[in-house]
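Examining the three-dimensional arrangement
So you can see what is in the structure, the chains are spelled out below.
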Amino acid sequence: MIFDGHSDLLYDVARRRLAGETHVLEHHNLDRLRRGGIEGLVLAFWYGWGSGLTFWPGVPGGEDPAQRLETMLSCAQAEFAECPWLSVVRTAEEAEAARAEGKIYAFLGLEGMEGLKGPEDLDRLASLGLRLGMLTWNEENRFAAGAAQDPAKGLTDLGRQALRRMEDLGMLIDVSHLNDGGF
């Protein structure tokens, strides 16, 4: 069986649910996940603006990163309620239990923190099930500079505080999109 360490399926879920679809994962992804032998995955909340391929400009409040994150969280929660075959998990034990029940298990991750005001926002996200996170995608935000930014810049004081809070919450820290200075 295969574990997918980073999946952007929640981006598609949000896009499609905002267009009126339901059961997005079941209708568009479940068969492919099963055919691919995926037993578990990390579902990432990527709500960035900078790719040029985003649907957010057409969404009310889409210019605000905090609103984009809230919209994605809402869409994901509605989607999960429609997926009896999927178990959102927080621990390896929960993942193993879901696997034993024949369910696909998913850890939740945050791809960039531009929508957070400060490290205290991580508490609520952890309570919703998020288990790993990146300080930045490729942008520079109040926490760190991303891979596409000035390599001389790195973590901010707020970024260091966020890392400590993530450690306190038992969240994994993903450094994939940090620049060299942040790493």
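Residues numbered from 1 in each chain as written. Predicted model: local features only at pLDDT ≥ 70, side-chain atom pairs only at ≥ 80, totals over all residues. Heavy atoms only, no water.

**A short note on the overall build of the chain**
Within the chain, the secondary structure is distributed over 7 helices and 6 strands. Secondary structure elements of the chain, listed N to C terminal, follow the sequence β-α-α-α-β-α-β-α-β-α-β-α-β. Expected size for 183 residues packed as a compact globule is a radius of gyration near 16 Å; at 16 Å, the chain falls within 12% of this value. Projecting the C-alpha coordinates of the chain onto the three principal axes gives extents of approximately 45 × 40 × 25 Å. Sorting the 183 residues of the chain into buried and exposed places 51% on the buried side. For the chain, the share of sequence-separated contacts (at least 6 apart) that also reach a separation of at least 24 residues comes to 66%. Total accessible area on the chain stands at roughly 8,900 Å², and carbon and sulfur atoms take up 51% of it. Each charge class in the chain was averaged separately, 18 positive and 29 negative side chains, and the resulting centres sit 2 Å apart. (Helix = DSSP H or I, 4+ residues; strand = E, 2+ residues; numbered from the N terminus. Rg over C-alpha atoms; globule rule 2.2 N^0.38 Å. Buried < 20%, exposed > 50% of the residue type's maximum accessible area, 1.4 Å probe, protein only. Contact = heavy atoms within 4.5 Å. Areas by Shrake-Rupley, 256 points an atom, 1.4 Å probe, with all protein chains shown as cover. Lys, Arg positive; Asp, Glu negative; His and termini not counted. Charge placed at Lys NZ, Arg CZ, Asp CG, Glu CD.)

**Re helix α4 (residues 65-81)**
A rise of 1.5 Å per residue sets the reference length of α4, with its 17 residues, at 24 Å; its end C-alpha atoms lie 25 Å apart and thus fit the reference within 8%. Burial in α4 covers these residues: Pro65, Arg68, Leu69, Thr71, Met72, Leu73, Cys75, Ala76, Glu79 and Phe80. (Expected span 1.5 Å × (residues − 1).)

**Focus on the state of the cysteines**
Working definition of a disulfide: a covalent bond connecting the sulfur atoms of two cysteines. Summed over all chains, the structure comprises 0 disulfides. Distance from the sulfur of Cys75, which forms no disulfide, to the nearest cysteine sulfur (Cys83) is 13 Å. Given a relative accessible area of 3%, Cys83 falls into the buried group. (Disulfide = S-S within 2.5 Å.)

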